[in-house]
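# Fold and contact review
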Amino acid sequence: MVINVTEGQVWTTGPIPDFVLHADVFIIIIYFVATIVGLPGNLLAVFYFTRPSVKKDLSSSLYIAVSLTDVALGIAQIPVIVSLVANRDDVLFSVNVICVGWRILFKSLQRFSVFLVLLLSVSRTVSLVQPLSKVNRICALRIMYGYIGYIILETAIFGSMESFSYDRTGGYCYENGKEPTSTIYNSLYVITLGVPALATFVSFILSTLAIRKSMRCSRTLSCGGLSQGRCSRDSIKKQATNTIMIFTFTYIICNLPHFINMIMWIITMSLECGKSSCYPGPLYNNDFMYWFSWNISEVLSVIINMACNPVIYYFRISQYKQWVSETRLLRKVNRFLQ
């Protein structure tokens, strides 16, 4: 931890305050609950959506990719739990290879996750705004694979030039690279995370407006003039749309702390501080922001979102709920949830 003196507040490399360690207990509990729900829940989702009986459309393909990404995120954050349990000591991050690998993996998965949510949201927005149009599944998957290739290429070029250090304020590793490589790498991260997130929000708003418009129209119409099959298909489509809307909204809410913290970090680092670091600056110069904002915004909010996704699948996709209820090992859990 770097020693900074700002407005009379001294941040030292000394022992972590007791109030931080006490508050970490509550954070650890949230981590454990999210992991217990998220890891098996997303594994079940992968098994379900890959079954031959499940229709292989764009939504199911993206659900598979999202669930696999969430499983990887759930496993990747385990060293963070260990560091919090060990009073924020770098137990599993003590080896530099693990520190580098964790940071690159977590940031890559985080960006890939928002990109998948963007594809899901846009595909549904297109079908709502232009009912006669739809996003081609093959083209969308090619775009997804292309984005994976871009992340790998970017990491190979810039990630290898970065140095990483363990940060006790967050309980994880962060970049500590040299200029101008560090600035380029961080700028690409902000762009590839912020732009898809903003586009997802715009898509969500457009979908919300389109749904409200269709609801006003549905009040004046009924299924009386439509065939039973047509009415049933419209009902299924509406249910699928609402599911993706809830999925997108949950992502935006869970990751909002990360986006806010990213903006605050950019503002802090843009301040004129001469040759010294601007951090913590006026925005992070208090106990909560300094000790908890990084862990909550960078890691915990992502893990909470990881845990929420399988819950959404269970309560919004009736076929998935039925399949889970028929799984022997989960019959007791299903009875408890009901």
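How each quantity is defined
Residues numbered from 1 in each chain as written. Predicted model: local features only at pLDDT ≥ 70, side-chain atom pairs only at ≥ 80, totals over all residues. Heavy atoms only, no water. Patch = residues over 30% accessible without salt bridge, like charges linked within 9 Å, V, L, I, M, F, W, Y side chains within 5 Å. Areas by Shrake-Rupley, 256 points an atom, 1.4 Å probe, with all protein chains shown as cover. Salt bridge = Lys/Arg side-chain N within 4 Å of Asp/Glu carboxyl O. Helix = DSSP H or I, 4+ residues; strand = E, 2+ residues; numbered from the N terminus. Buried < 20%, exposed > 50% of the residue type's maximum accessible area, 1.4 Å probe, protein only. Pairing = 2+ DSSP bridges. Phe/Tyr/Trp six-rings, centres within 6.5 Å; stacked < 30°, edge-to-face > 60°. Lys NZ or Arg CZ within 6 Å of the ring centre and 35° of its normal. Expected span 1.5 Å × (residues − 1). Contact = heavy atoms within 4.5 Å. Core = buried A, V, L, I, M, F, W, Y, C linked by side-chain atoms within 4.5 Å.

Moving on to a nonpolar patch on the surface. Together, V129, L198, F201, V202, I205, L206 and L209 make up a nonpolar patch on the protein surface, roughly 610 Å² of accessible area in all. When residues in the nonpolar patch are grouped by element, the largest group, 6 residues, is from helix α6 (residues 181–218). As for its placement among the helices and strands, V129 is situated in helix α4 (residues 96–129). Take V129: its relative accessible area is 46%, and that puts it in the partly exposed class.

The next point concerns the pairing of strand β4 (residues 172–175). Put simply, side chains in a regular strand alternate between the two faces of the sheet. Summarising the sheet, strand β3 (residues 164–167) and β4 pair through 4 bridges and their orientation is antiparallel. The residue of β4 that forms the bridge with S165 is Y174. Counted along the chain from β3 to the antiparallel partner β4, the turn is 4 residues long, and its residue G171 has a positive phi close to 80°.

This paragraph deals with the packing of aromatic side chains. For the structure on display, the rule yields 23 aromatic pairs. An angle of 85° between the planes, with centres 5.0 Å apart, marks the rings of Y314 and F315 as edge-to-face. The structure contains a cluster of three or more aromatic residues connected by ring pairs, namely Y48, F49, Y63, F247, Y313, Y320 and W323. In this structure, K107 is placed above the aromatic ring of Y189, and the distance from its NZ or CZ to the ring centre is 3.9 Å.

Taking 1.5 Å as the rise per residue, helix α10 (residues 293–316) with 24 residues should run 34 Å; its terminal C-alpha atoms sit 32 Å apart, in good agreement. Counting buried positions over the 24 residues of α10 gives 18, a clear majority of the element.

Turning our eyes to something else, we now look at the environment of F204. Counting through the fold element by element, F204 comes out in helix α6. With a relative accessible area of 13%, F204 lands in the buried category. Expressed as a C-alpha distance, the spacing of F204 and I252, which sit 48 residues apart in the sequence, is 9.4 Å. Residues in contact with F204, not counting those within four places in the same chain, are S121, M245, T248, F249 and I252.

Right, let's get into the nonpolar core. Residues F49, Y63, M144, F247, Y313 and Y320 are the most contacted members of the largest nonpolar core, which totals 38 residues. Looking at this core, the elements with two or more residues in it are α1 (18–49), α2 (58–76), α4, α5 (137–158), α6, α7 (228–270), α10 and α11 (318–325). Of all the elements, α4 adds the most residues to this core, at 7 residues. Those residues within four positions of Y63 in sequence are excluded, and the remaining contacts are F49, L120, T243, I244, F247, Y313 and I317. Counting 37 residues, the second-largest nonpolar core is a separate cluster that includes Y31, I81, Y166 and I303.

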